[in-house]
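Each chain, letter by letter, is given below.
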Amino acid sequence: MAADVLGGFFEEGAGARGLPARAGLLLRSRTANPVRRPAARKGAGAPRRPGPRGPRRLVEQARRAWDRPLTAYYLILGSALLITVLGLVMVYSASMIKALELSLPGSYFFRKQFLAALIGGALMIAAARMPAKLHRALAYPILAGTVFLLILVQVPGIGKSVNGNQNWIYLGGPFQLQPSEFAKLALLLWGADLLSRKQDKRLLTEWKHMLVPLVPVTFLLLGLIMLGGDMGTTIILTAILFGLLWLAGAPTRLFAGVLAVAGTLAALFIKISPHRMGRLNCIGATDPGPQDQCWQAVHGIYALASGGWFGSGLGASVEKWGQLPEPHTDFIFAVTGEELGLAGTLSVVALFAALGYAGIRVAGRTEDPFVRYAAGGVTTWIVAQAVINIGAVLGLLPIAGVPLPLFSYGGSALLPTMFAVGLLIAFARDDPAARAALAMRQPRVSWKSMRRRVKKRPSGER
């Protein structure tokens, strides 16, 4: 029919009267036999809502990433390893001149720290693989061993004094041990086990069960450490105690009472020591003062100020050439600011913030009371010690003589800290959602299933 219409159209196409008639016939034929088009899919014609764009989209993506089950696991593992590796680099840079001054090889302190990092890495892996029951079983042996070592420090001929503090045990050769660093791990493990058992028996509603024996044992550790003159470690142990009491839900009056007692004792110990009073007077100092009592605090500020935005370059610090005392231990953050600048110091602070956030997330999302107390204690320990060290370098807090966790030189401080990080990793892995996500990522293809997938091909032989 379409051919007839087109033929007629071309036959009378030259005439003015035939063109409209044939064109109308063509239009009527198309109307009578319409062309059928495929039906559109359901919902295909509806306009789609545009997703968020720009900064709002980035915020949504970041929020979904934070809510993933393995976020805390990767944050703890990644931030701890980055802090440790960057600390090794800065220990090598900051300690080289000090080693040469002592007629030692330039890499002397770096090699010792690297060995401690290897041992600490093994401890971290072991702690990450241990179940919570084994951690609870280790609480009492670690506490008893720490108390024994703290008593042994005060025995003449065994204990060793360093910078006026009697808190070291000589192990032979270049190795020595500081038992007060292991007291932090002992207190949080034992305290977490004690509070979790009392919570299971519903005894934490009474103030005497919340305080006894947690506070007396803590004061025993504090007394043994203060016999050696190490007040910086006592501050960290006090922070761990307050963290455990806060997680246990201590009432405000009880919390304030313990804080008042601890503050009174701290003020007394500071008042009777001219050395500690001098450190307190150096807060915000810009001049070394009489007899150069604020020399270390002022030169720490000089190192940070001369670093600028991106620093003078790795290894190019000037303050470490005898001007800044303890450049590879307590004031390694100042050398970091001088060589890597504000960008380097903010990176270190961001890594500690990420580690603290992940620890709080692990403690807040678990239903196991021991995991909550232990994760909260480890987070309080690392964050409080980092704040005290960095605050002292910035001149905002008195110099307490505590190292920067995972960063400063010192094997006695690095080993228990890496074991504590292994605790956080183990707790993050034990979360049900994280365990399921890790199980889905592990390949489960057996040898038999692989053999079934391979099709037999004819060899062509007869």
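Residues numbered from 1 in each chain as written. Predicted model: local features only at pLDDT ≥ 70, side-chain atom pairs only at ≥ 80, totals over all residues. Heavy atoms only, no water.

For the rest of this paragraph, the subject is the overall build of the protein chain. Summing up its helical and strand segments, the protein chain has 18 helices and three strands in all. Among the 462 residues that make up the protein chain, the fraction classed as buried is 43%. For the protein chain, the proportion of contacts with a sequence separation of at least 24, taken over those separated by at least 6, is 69%. Taken as a whole, the protein chain presents about 26,200 Å² of accessible surface, with 64% of it coming from carbon and sulfur. (Helix = DSSP H or I, 4+ residues; strand = E, 2+ residues; numbered from the N terminus. Buried < 20%, exposed > 50% of the residue type's maximum accessible area, 1.4 Å probe, protein only. Contact = heavy atoms within 4.5 Å. Areas by Shrake-Rupley, 256 points an atom, 1.4 Å probe, with all protein chains shown as cover.)

Time to look at the packing of aromatic side chains. The final tally for this structure, using the stated rule, is seven aromatic pairs. Here Arg372 stacks its cationic end above the ring of Tyr373, 5.2 Å away from the centre of that ring. (Phe/Tyr/Trp six-rings, centres within 6.5 Å; stacked < 30°, edge-to-face > 60°. Lys NZ or Arg CZ within 6 Å of the ring centre and 35° of its normal.)

Here the focus is the sheet that holds strand 2 (residues 165–172). Spatial ordering of the open sheet is given by 1-2-3, a layout of three strands whose pairing is antiparallel. Edge positions in the sheet fall to strand 1 (159–162) and strand 3 (175–177), since each of these pairs with one other strand and no more. Here the average twist between neighbouring strands, direction ignored, is 50 degrees. Running over the sheet, helix 6 (residues 132–153) touches strand 1, strand 2 and strand 3 and is turned about 100 degrees from strand 2. (Pairing = 2+ DSSP bridges. Axes fitted to C-alpha atoms, helices over the stretch in contact; angles between N-to-C directions.)

This paragraph deals with helix 10 (residues 231–247). The end-to-end C-alpha separation of helix 10 is 25 Å, in line with the 24 Å expected for 17 residues at 1.5 Å each. With 13 of 17 residues buried, helix 10 lies mostly within the body of the structure. Downstream of helix 10 by a residue or two, Gly249 has a phi angle that is positive, lying close to 80 degrees. (Expected span 1.5 Å × (residues − 1).)

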